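Understanding the architecture of this molecule
Each chain, written out:
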Amino acid sequence: MKTIVKYEMEKIKQNKTFIGALFISLFVLAGILYVGFYHAQLYGIDREGVEKYHQIVEKSTGEFNDQRVKKVLTNYIESYQSNDANTKGFDLFSWEIANTFIAEGENVYDQINDAMKQGDKITIDQINLKSIEEIGFTEFQEPLTMGSFVTWKDLYNVTNQLFLLISILSILVCCLVFSSDTSRNMNSLLLSTRLGRKQLTIAKIIAATFISLFIFLFIHGLSLGAFTVYNDGFTGWDTSIQTNFSMELFRFPVELNQLQVFGLAIALQFLSLLAIVAITLYVSATTRSPFSSLLIGLGLFLLPKALTQLIKRGPIYHLLNLFPINNYSVKDFLTLMSAKTEFFLAHFVQNMILTMVVLVAIAIIFNFAVYQRMKQYQEV
Amino acid sequence: MQLELKNVTKSYDDIIALNDVSLCLAPGVYGLLGSNGSGKTTLFRIISGVLKQTTGTVTYNEKDIRANSDEFRSILGFLPQDFSYYPDFTGMKFMLYIAALKGINRNFAKRRCLELLKLVGLDDVKDKKIKKYSGGMKQRLGIAQAMINDPEVLILDEPTVGLDPKERVRFRNLISSFSKNKIVILSTHIVSDIEYIADEILVLNKGVLENRGPSSKLIETIHGYVWETEIENDKLDDMLIVHLISNQKHAGNRTVLRIISKEKPTPDAKQVQPTLEDLYLYYFRMEAGR
Ligand SMILES: Nc1ncnc2c1ncn2[C@@H]1O[C@H](COP(=O)(O)OP(=O)(O)OP(=O)(O)O)[C@@H](O)[C@H]1O
Ligand SMILES: [Mg+2]
């Protein structure tokens, strides 16, 4: 069995389409990581933004309460009005917090600019701040934690984009597995050997799943590596997801920190990938050419998204939201799964578990269907 | 050891590819003779279990091969008619892959594959990628892979296509030495390939098994039907229209014709000894483009 798996992996790796796609994907990957972590907004014009960001984060990390918010905004207003070039520069961290808490919103900058023109300064007490309670942050036993969040939002964005890349690459791998043998007319030979119906099918499923998972781990590994450089390690891992002001999930009902959210995203992507692999393998086993199985595989992957443009409520809509393409993005699954109107169940955790169970079930059912089909395969 | 087909019929949407074929095969070499589209490949795919017959049964040692397909496949060797290899596999790797699929232990597989590659004359190119093989080399690789598991039932669909005369001889010897106590069935259009090695010839015509028997016996059925006559060249066209010609040899302004006909074609025609090739033409004259 191990030997057969080895040969099946080799068959995939030698495929020209796969090699080409891998090559292109490396460029896409480099592009995503470059834009996400190296060309990020945080760097600012002089590329010192990240360093300043971490300095400000360090001063601001801790328990999330009105005093701390006020302290952050005090420093922000002050440095905004100071003429010291060192402290000036765009401070994305505080800017997001200001957007959330300053009642006047963006108008406050006009006020400050007017005051500055007249040689005046505005102090924090002249500005109308909303309280945490007013905004409606979810409260738990323990207070929320504030800390680095801009970098984490960037990590989430990159993670979302990588899911599309990984999925498309995996669909490409899996659509080849059976249909390329069919299109070479190899089936009469393979399926008339002793292990050609049962063990070979299992070996192909294992090989495709293995390569897909390898792609998954490799790409996310690289991404995490790039992130730790960008984010200076994992700082901010324990920041509550509610206080990620860029994500605007203030009312998110479950106590989760940013690392836990990332873990959930990865787990969800992992199971999604298993389901995508199984479905695509089934498509591959039922089509005669790799090209049509690629088209159908990609079509099925994207279809639920297209359907949600047409159907926007009701059980079918709920069903569509179970599919990876509708919930792969971090913000999407956090919001969708915590709303009864978007998902089958009332609570985030229940919906998350339901989704994961469904994904695993899809993976098992389709892999089994592939096995059954190849076991009984007849030429026409 | 006995392979038996009972009333096997296979129809595709609108054509009947095999029509009520019944056949019982004991160990030996069988040559399946049939023109293009006569159903040879269809028959082989049914026996190897990749195509389901519409009606009828195929049994091996009295057990249905579909019900016992795992068992049957382990004693089966099959070379399909047309498929494309994995271009980046080497010959040896392909052999080892098929050996793995046949469930053969790794160490033994290696020895067995080397031995077979040598037997089909591919040992010096075994580490070359298949995309660099010539047509005949691929064909020989196909023959070799079918024999890896030392099958009791060996089915070869047009194994000699693309082989040069030297390789044909080698192939015949290989089959002859392999076939003791085995059922070997091979199809071909090239009559001479099976004339020497086949113990029996099966004649398949438009999906119907028309005749079977040792070649000498079959040839006897057209005894007295083969003639040779010498004619003027200007009468040639008329003769070609009227008669089934199995050979023509030009000599100056005259031509020697070999004619298959129940009646004496010309007054001065002489009866000659029929060959298997004459027999083939006799059976498949329609397709012969008379
Ligand atoms: N998949 C198919 N669908 C429909 N008809 C088919 C199919 N495969 C074969 N046929 C038809 O069945 C008949 C027998 O075909 P088969 O391939 O068995 O002939 P053959 O004797 O192997 O011919 P050849 O000498 O050309 O290889 C032909 O008329 C062919 O057109
Ligand atoms: Mg054929």
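Please read these numbers as outputs of a predicted model, since none were measured by experiment. (Residues numbered from 1 in each chain as written. Chains lettered and ligands numbered in written order. Predicted model: local features only at pLDDT ≥ 70, side-chain atom pairs only at ≥ 80, totals over all residues. Heavy atoms only, no water.)

Things to note about the overall build of chain A
To keep things clear, this is the line we draw: Strands here are runs of E lasting at least two residues and helices are runs of H or I lasting at least four, both read from the DSSP assignment and numbered beginning at the N terminus. Here the Shrake-Rupley method, with its probe set to 1.4 Å, supplies the accessible areas, and only the displayed protein chains count as covering residues. Just so you know, the count uses Lys and Arg for positive and Asp and Glu for negative, and it drops His and the chain ends. Positions of charges follow a simple convention, taking NZ of Lys, CZ of Arg, CG of Asp or CD of Glu.
Check the secondary structure of chain A and you find 16 helices and two strands. Just so you have it, chain A exposes about 17500 Å², and 62% of that area is on carbon and sulfur atoms. Where the 30 positive side-chain charges of chain A centre and where its 31 negative ones centre are 19 Å apart.

What about helix H1 (residues 2-13) of chain A?
Note the threshold: In a helix, the anticipated span is given by 1.5 Å times the number of residues less one. Each residue is placed in one exposure class: buried if its accessible area under a 1.4 Å probe, protein chains only, is under 20% of its type's maximum, exposed if it is over 50%, and partly exposed if it falls in between. Note on contacts: a residue pair qualifies if any of its non-hydrogen atoms lie within 4.5 Å across the two residues.
The end-to-end C-alpha distance of H1(A) is 17 Å, a good match for the 16 Å that 12 residues give at a rise of 1.5 Å each. Looking at H1(A), one finds that the buried residues are A:Thr3, A:Ile4, A:Val5, A:Tyr7, A:Glu8, A:Met9, A:Glu10, A:Lys11 and A:Ile12. Lining the buried residues of H1(A) we find helix H2 (16-38), helix H8 (150-183), helix H9 (187-190) and helix H10 (199-231) of chain A together with helix H3 (91-101) and helix H4 (106-119) of chain B.

Regarding the environment of A:Tyr43
All names here are of chain A. Relative to the assigned elements, Tyr43 resides in the loop between H2 and helix H3 (49-60). Using a relative accessible area of 13% as the deciding quantity, one classes Tyr43 as buried. As for Tyr43 and Phe90, which are separated by 47 residues in sequence, their C-alpha atoms are 9.4 Å apart. Tyr43 has contacts with Phe37, Tyr38, Glu48, Gly49, Val50 and Tyr230, leaving out every residue within four places of it along the chain.

Topic: the sheet that holds strand E3 (residues 28-33) of chain B
Think of a sheet as strands paired side by side through backbone hydrogen bonds, with each pair either parallel or antiparallel. All names here are of chain B. In plain terms, the rule: The pairing criterion for strands is at least two bridges between them, as found by DSSP. Axes here mean lines fitted to C-alpha atoms, for a helix over just the part in contact, with angles spanning 0 to 180 degrees between N-to-C directions.
Pairing within the open sheet is mixed, and its six strands lie in the order E6-E7-E8-E3-E9-E10. The open sheet is flanked by strand E6 (76-79) and strand E10 (208-213), the only strands paired with a single partner. Within the sheet, the average angular offset between the axes of one strand and its neighbour, ignoring direction, is 15 degrees. Across the sheet, helix H10 (residues 276-283) touches E3, strand E9 (200-205) and E10, and the angle it forms with E9 is around 20 degrees.

Let's talk about the coordination of the magnesium ion (ligand 2)
As a reminder of what qualifies: Distances decide who is a donor: an N, O or S atom must be within 2.8 Å of the metal, or within 3.2 Å for Na, K and Ca. Water is not included, so sites may look incomplete.
The protein atoms that coordinate the magnesium ion (ligand 2) are B:Thr41 (OG1) and B:Gln81 (OE1), at distances spanning 1.8 to 2.1 Å. Residue B:Thr41 is located in helix H1 (residues 40-47), and its partner B:Gln81 is located in the loop between E6 and H3; the two are separated by 40 residues in the primary sequence.

Thoughts on the site of ligand 1
Selection rule: A cutoff of 4 Å decides nearness: a residue is near a molecule or strand if any of its heavy atoms lies inside that distance of it. Distance and chemistry together define a polar contact, namely a pair of N or O atoms within 3.5 Å, with one atom able to donate a hydrogen and the other to accept it when in protein, and with adjacent residues in sequence counting only for side-chain atoms on both sides. Any residue outside Ala, Val, Leu, Ile, Met, Phe, Trp, Tyr, Cys, Pro, Asp, Glu, Lys and Arg is labelled polar, Gly included; the first ten of those are nonpolar and the last four are charged.
Around ligand 1, the structure places 15 residues, and the nearest of them are B:Gly37, B:Lys40, B:Thr41, B:Thr42 and B:Gln81. Mapping the residues adjacent to ligand 1 onto the chains of the assembly identifies chains A and B. A distance of 2.6 Å separates an oxygen atom of ligand 1 from a polar side-chain atom of B:Thr41. Protein chains bury 67% of the 630 Å² of accessible surface belonging to ligand 1 in isolation. When residues in the shell around ligand 1 are grouped by element, the largest group, three residues, is from H1(B). Per-class residue counts for the shell around ligand 1 are four nonpolar, nine polar and two charged.

Structural notes on the sheet that holds strand E12 (residues 244-251) of chain B
All names here are of chain B. Sheet architecture is open: four strands sit in the order E12-E13-E11-E14, paired in antiparallel fashion. Both outer strands of the open sheet, E12 and strand E14 (270-271), are each paired with one neighbouring strand and no more. Pairing of strand E11 (residues 226-232) with strand E13 (residues 254-260), which is carried by seven bridges, proceeds in the antiparallel orientation. If you follow Glu228 over to E13, its bridge partner there is Arg258.

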